[in-house]
Amino acid sequence: MSLWAVAGADAAFADGPSAASRYQLKGNTSAPDISGLWSGTFTTAPGQRAQTPIPDRKYTRWYPWPLPLTPEYQKKVEARAEAAKSGRVIGDAGVRCLPSGMPWKITVNPGFPIEVIQTPGQVSFWGGNRPMVVYTDGRGHPADLKPTYDGHSIGYWIGDTLYVDTVGIIASTAIDAAYHPHGSGLHLKWQVQRVDATHLHARMTLYDAEAFREPLSTTIIYELLTEPRMDMIDDASCFENNRNLPDENDESGFKHF
């Protein structure tokens, strides 16, 4: 079997579920409720830590580790690590206040909670002042899809789990807080499940034969934020207190961590 064969948690994507086992959220109050304001674990490399203002965040890692990089992408990662030693960061779209995009929005989302909003036909993940929409109305991916920061996501429910398929992600985004790169054909398959009243599990697998010799997986654990002060989240702009202003080479001072 190929390393890129769908298996395990991704089996539901192999041929798609039967019509009898899948359903859409169309105002059905009995559908699983994953709405709320959530703070997740921080997927990154050993030695990197989360930023404030969300303190004491726990960490999650990729499996397998070390990353099974292709030779081309191994060189890219080594160049970024070498630049970091001299106080520069390469591969961070945020240095020009561009969106961090996917999968960063789910795997890292530093400093901001994610608000999940469910409406008929879609589930929206709001983080960093931008929504990432998962369409649950039965549509497919557009045939003429152009790459964007968040890509295009479609999903469906099986039991209490939302299955999501994301494609069309622009190649300039990073997969984690260590700014590990990915290729232009990155394909995300992930599931979101509310395991109890105050926790969500988001299990994500990255498929990208250009960058990785086999798929990568991680599980992000989200905790529900219920403090009264969380009812009012301040807005913010990337340009406010920007500590990573880029130079003429689109590189910046490495001051995040």
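Preceding this paragraph is the structure being described.
Residues numbered from 1 in each chain as written. Predicted model: local features only at pLDDT ≥ 70, side-chain atom pairs only at ≥ 80, totals over all residues. Heavy atoms only, no water.

**Side note on the overall build of the chain**
- In terms of helices and strands, the chain carries 2 helices and 13 strands.
- Buried positions account for 46% of the 257 residues belonging to the chain.
- Put simply, of all contacts in the chain between residues at least 6 apart along the chain, 60% involve residues at least 24 apart.
- As displayed, the chain offers around 13000 Å² of accessible surface, 53% of which is attributable to carbon and sulfur atoms. (Helix = DSSP H or I, 4+ residues; strand = E, 2+ residues; numbered from the N terminus. Buried < 20%, exposed > 50% of the residue type's maximum accessible area, 1.4 Å probe, protein only. Contact = heavy atoms within 4.5 Å. Areas by Shrake-Rupley, 256 points an atom, 1.4 Å probe, with all protein chains shown as cover.)

**A short note on helix α1 (residues 71–85)**
- Its 15 residues give α1 an end-to-end C-alpha distance of 22 Å, which sits within 8% of 21 Å, the value for a rise of 1.5 Å per residue.
- All buried positions along α1 are accounted for by Tyr 73, Val 77, Arg 80 and Ala 83. Burial along α1 is one-sided: seen end-on, the buried residues are contained in an arc of 125°. Facing away from the buried side of α1 by over 90 degrees, the exposed positions are Pro 71, Lys 75 and Lys 85.
- Summarising the contacts, the buried residues of α1 are in contact with β4 (88–89). (Expected span 1.5 Å × (residues − 1). Arc of directions from axis to C-beta.)

**What about the nonpolar core?**
- In this structure, Ile 106, Phe 125 and Trp 190 are the most contacted members of the largest nonpolar core, which totals 34 residues.
- Mapped onto this core, the elements with two or more residues apiece are α1, β5 (114–119), β6 (122–127), β7 (130–135), β9 (161–167), β10 (187–196), β11 (199–207) and β12 (216–224).
- Counting residues in each nonpolar core, the second largest holds 8 residues, with Val 89, Val 95, Trp 104 and Tyr 179 among its members. (Core = buried A, V, L, I, M, F, W, Y, C linked by side-chain atoms within 4.5 Å.)

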